[in-house]
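Residue-level listing of the chains:
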Amino acid sequence: MTVVLSAEKLVKTFPGVRALDEATLTLTAGSVHALLGENGAGKSTLIKILTGVYRPDGGQLRLPGPDGELRAVQLGNPQDAQRAGIGVVHQERNLIPAFSVAENICLQHLPRRAGLLDRAALRTEARRCLDLLDLDLDPDLPVSRLSVAQLQLVEIAKALSAESTVLLLDEPTASLTNDEADRLYGIVRRLSERGHATVLVSHKLEEVFAVADTVTVLRDGRSVAEAEPLADHSREEIVDLMVGRAYQQVHLAARTVAADVEPALALDAVATTAGHHDVSLAVRPGEIVGLYGLVGAGRSELAKALLGLDQITAGEVRVHGRPARIRDVGDALHRYRIGYVTENRKEEGLFLDQTVARNTAVTVWRRLARLGLVRDRAERSLVDEYADRLGIRLASPDQHAGQLSGGNQQKVSLAKWLAADCDVLIIDEPTVGIDVRTKAAFHELIAGLAARGMAILLISSDLPEMVTLADRIAVMREFAIVGELDNDHDYDRMSQSVIRFIHDGQGVVA
Amino acid sequence: MRSVIRTNEFTLAVIAALGFAALAVATDFNLLTAGTLDAFLRFLALPIVIGLAQMVVLAVGQMNLSVGVLTGFCAVASGWLMVDAGLPAPVAVLAALALGAVVGLVNGLLVIFTRINGFIVTLATMTILEGLRYGVNGTGTYQGYSPGLREFGQASVAGVPVVFLLAVVIAVAVALFFRRTVPGRHLLAFGGNPFAARLSGISNDRALVLAHTLSGLLAGFAAVIVVAAFGSVNASIGDDLLLPSFAAPIIGGVALAGGMISVTGTVLAAFLVRLVDVSQSQFDINRRWVDLIIGAVVLGAVLLGQFRDKLSGGPR
Amino acid sequence: MKTETAPEAPAVPPAAEPRPPARALPVWANPRLGLLIVIAVLVVLFSSLTPAFLDPRLTLAPLQADISVYVVVGLAQLAVLSLGHMNMAVGRMAALSTFAMGLAYDRLGVPLLVGLLVGLAVGAGIGALAGLLIAKTGVNSFVVTLALDFGLLGLVTILYTWATGGVSFAVQPSGLSALRFDTFADYCMGEVCGPRIPLVVPIAVAAALGVGLLFRHARLGREILMTGSNTVAAELSGIPTHRRVVAAHALSGLLAALAGFLLAANNGAFSANIGESFLLPSFLAPVLGGTLLAGGAVSVLGTALGATLTQVIYKGLNLLQFSLEELKLYIGLVLLAALSLDRLRAVLAERRAVSSS
């Protein structure tokens, strides 16, 4: 088999962390190669090196020259990568909404004739790329009129426009329905029959097993499986490789949840304008309920609907047994003492250009203010207290939040809800992008909060995290709860049950 | 067909046609007499070009506060070249265009050098230009320069003023630039999604500089129209152009965030504003009602656009 | 094309190790100090070139009165810059408010203070209206206030014509002339007289202190800044962002009204042209003082110094027989120099940070 790309012992270090630690990836022509790993395992960094966005600190990248011999290359920028025949579809959209399909596909090298845009050549070239995908789409249509699935396919056509031999797909089906995803993978298979090599990054294991033939698994920046035939592995083995038996029982505070206590937060057959239906959940004081599901299953959306960002159209929300009508986050915070630690700390959780003190105290100024003026001393002692309690390492409370490390940032975005004295906390993906040690500390912290009587709804797509922390696990799929399990902290059994729920999607309660 | 009817341009065209017809009827068809129509179109040229000068920077999500004053500066400078320096009119015209382009280039370079919002950078250059514009000839007025140029300003072809035709040609050229040339497409791509544009090898800095330079060049053209059509120039030219320069593209449906332009919309909006202007003089209405109405129209146009977006389920 | 990538977060964020602590910025990097030095140098320069610059009655007192007006004008813009918004109608809001004051004095014969309060209320109201439009529709503040400026431009003249038949009110509420001509030196307790400071100065100082207090210590001001810093995060932290947007714009209108009043007091007339010269200085003062358009951070002291600097330059060059238009050239150059220096400072600070780590 012809090797079309060989990345050897790539190293990439960021301040304080080694994102890639001698990672290796070998691609052969005509293969669909799955690149798997947990969040933070180094997949994105590897992709960024292959597409010329980052330069590696060590190791080398080899691509075939004109004679077919592999040669070491340096990809200085994204254009270099394109010229070397590596096309990529990033997770975020990279299309110009006002432009036509044809122009978006050929944006890197718009054909010109006599100084003007050569529209005939543009259309021909776009047609050629669309034909590669057997896609019947009018090249003159503006992309703003396309569906999400069509946009994804146009992105692939764009990635192929530079005669790419290697195609990198980063979570291509995250926003697609199952049928659309099947169609997309049909195209990927056809491309591989024509000799293209495809790298598929996906969290959806069932899709990976359906379409990929080889697999590389990254863990902590290392390749723990290198270009192995996927058929040799069971799904369980792959998951084991990904989490690396790193799943271990952290020593967590012991908790007892009284079963007869009124739930702090209860949802009864709730439907929302975001698309949820029949969602029933209950979290008692001192309990951690996990809400598990794949990306796009509607978990964060449920949290946001609860906080009034979407309307609740049916069913009932009760807080400490009383029906609650939450209009906005202020309402949730001040009237019902519900806090929401957002998934996306940089965009939604933190004020990066403000001080840590302000980031922490933003929810409590109402309480700290006298005659509308915030008492600085009270604020300072509050910030010190929570920095201390959460182990936030600060040079000064006047440091800007943007200067902190990821783990400390996440602690700050948690601190503001603790400071606000919430007794229900919805925590969304608390440890994404956080290294293993900090993760363990975070788990202890969350368990400790529950032990002190807080009701916690934990949203996570990190199954080991769920199994470590949750008392019960509710599984969400397509905006509905499809099952709920009591957690016995046996990872293998729990993961099998959860995965079965996600696959079968039946509302069976175990 | 339906997609044409639902565009902003179509709405504007209908309003413009209805307004024009209504005004024609209301003035007992005085509007359609040669003299009135000629004046109507002659003084439409400047708002069109100045609106386009603002539009090209809006295309990349920037603003140019200096367009109006720059127009005045270029006009006064060409007046100086003809009257005080005694140079022939073609030299003065080219100098006005070059001056506009150079100031625009400086604006662009300052934006990429200081990495500061174009709004503030052009605020600074506008202030400087105000001083320079005055510095050329103080409060004096240049007049009696090149008869040829002034004749050009007054000339008509088949009843249509030549300066208006010039404005139309400029509008077509701008439209062609954004539609059919690769640099024009790159500008719009950058305005629409800077990160995607960069991944596709489009230099962000070059797009910014190009947009500002073009804006300056168009201000230079506006200056030439002023010099030709007004017959005299002084240091107050351009003072009342800044707000209309924004009004035309905004009413015309150009997005402030960049990436979406409409030459037709901008031209039609300038036409509408001119229509309000003429009604005011025809009916002897207080001049100030015009401003009030334009304010209401700008806000109305934006709110309507927002409403339309909501109806069609957002921009995507 | 440069190959550096966007300032994206590394895929795996740095571990819990603290970065080098954020040191206090070096003294030379403080734009406020720079302004103070430039102002001092200019004062010395102007007084040596023309001794008339130090004439307390003819120069210094009017200079202080002018500075007072433009500090408040700058604060009016600062109030919305805190959100990352703009107020293009700052001058016309002042004009409408002073019309309301003039009308109250003329038709109702109200005392000075009551008329002022009426005007402030009108200013705050029109500002709140702008804020409401922006918050409810999500339309860019630039567009909304620009349209409002057009509208008010027409409205104010029409109102003056309706109410006075001309362009100004011929009223002199009692106390206005004292505000215009008197300094504290005119008020003595026995032998001790006050300094030669015009009576309008404390009003501007109070406004600056009030705005400073608001943004530094008050919950409202801080929540406005947080909204400007990151609207989504602010909303998800329980801040009623819409109401904060309305409040900031209302404050802007209120300060514009106050500036209009101070200018009317300085001119001795409530006329339609008040506010015409406000727009440019309203941006100059905060920007010179180091406030950028991004939102989330403001400098009240910087705004005051920025306004002082521009007025010192105007006054000094004016005494040196420069014309008003020529002055603008120099003001613009100062602004440009300040912006370039800011950039230079940022680059140097980066270099220092790199070399020390």
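Residues numbered from 1 in each chain as written. Chains lettered and ligands numbered in written order. Predicted model: local features only at pLDDT ≥ 70, side-chain atom pairs only at ≥ 80, totals over all residues.

Enquirer: Sorry if this is basic, but what is going on with the domain arrangement of chain A here?
Expert: The parts lose accessible area when they come together, and the size of an interface is often stated as this lost area. Residues and elements named next belong to chain A. Split by domain assignment, chain A resolves into domain 1 (3–243), domain 2 (263–337 + 422–510) and domain 3 (345–413). The distance between the C-alpha centroids of domain 2 and domain 3 comes to 26 Å. Counting residues at the interface gives 8 residues for domain 2 and 7 residues for domain 3. Elements that contribute at least two residues to the side of domain 2 that touches domain 3 include exactly α10 (329–336) and α16 (436–451). Class assignment of the residues belonging to the side of domain 2 that touches domain 3 gives a composition of 5 nonpolar, 3 polar and no charged. (Domains from an automatic or database assignment. Contact = placed C-beta atoms within 7 Å. Helix = DSSP H or I, 4+ residues; strand = E, 2+ residues; numbered from the N terminus. Nonpolar A, V, L, I, M, F, W, Y, C, P; charged D, E, K, R; others polar.)

Enquirer: Any chance you could explain the sheet that holds strand β12 (residues 222–229) of chain A here in plain terms?
Expert: Where strands meet in a sheet, backbone hydrogen bonds hold them as pairs that are either parallel or antiparallel. Residues and elements named next belong to chain A. Within the open sheet, the 6 strands sit side by side as β6-β9-β10-β3-β11-β12. Their pairing is mixed. Every other strand in the sheet has two partners, leaving β6 (86–89) and β12 as the edge strands with one partner each. Put simply, the sheet's adjacent strands are angled 15° from each other on average, direction ignored. Bridging between strand β9 (residues 166–170) and strand β10 (residues 197–201) involves 5 bridges; their strand directions are parallel. Among the inter-strand pairings, aspartate 170 is bridged to a residue of β10, identified as valine 201. Against the sheet, helix α5 (residues 148–160) engages β6 and β9, with an angle of about 165° to β6. Sheet contacts for helix α6 (residues 178–193): β3 (32–36), β9 and β10; angle to β10, the most-contacted strand, approximately 150°. (Pairing = 2+ DSSP bridges. Axes fitted to C-alpha atoms, helices over the stretch in contact; angles between N-to-C directions.)

Enquirer: Honestly, the interface of chain C and chain B in this entry has me stumped. Any pointers?
Expert: Facing 37 residues of chain C, the contacting portion of chain B comprises 39 residues. For the side of chain C that touches chain B, the secondary-structure elements that each account for two or more residues are α5 (141–164), α11 (279–288) and α13 (324–356) of chain C. Ranked by residue count, the leading element in the side of chain C that touches chain B is α5(C), at 14 residues. When grouped by side-chain class, the residues that make up the side of chain C that touches chain B number 23 nonpolar, 10 polar and 4 charged.

Enquirer: I tried to follow the sheet that holds strand β23 (residues 472–477) of chain A on my own but got confused; where do I start?
Expert: Residue and element names in this part refer to chain A. On the basis of which strands lie adjacent, the open sheet formed by 6 strands has the order β18-β21-β22-β15-β23-β24 and mixed pairing. Looking along the sheet, the strands with just one partner apiece sit at the ends: β18 (338–341) and β24 (480–486). Strand-to-strand twist in this sheet, taken as the mean axis angle between neighbours without regard to direction, amounts to 20°. For β23 and β24, the ladder comprises 6 bridges, and the chain directions are antiparallel. Residue pairing across strands places isoleucine 473 opposite leucine 485, the latter belonging to β24.

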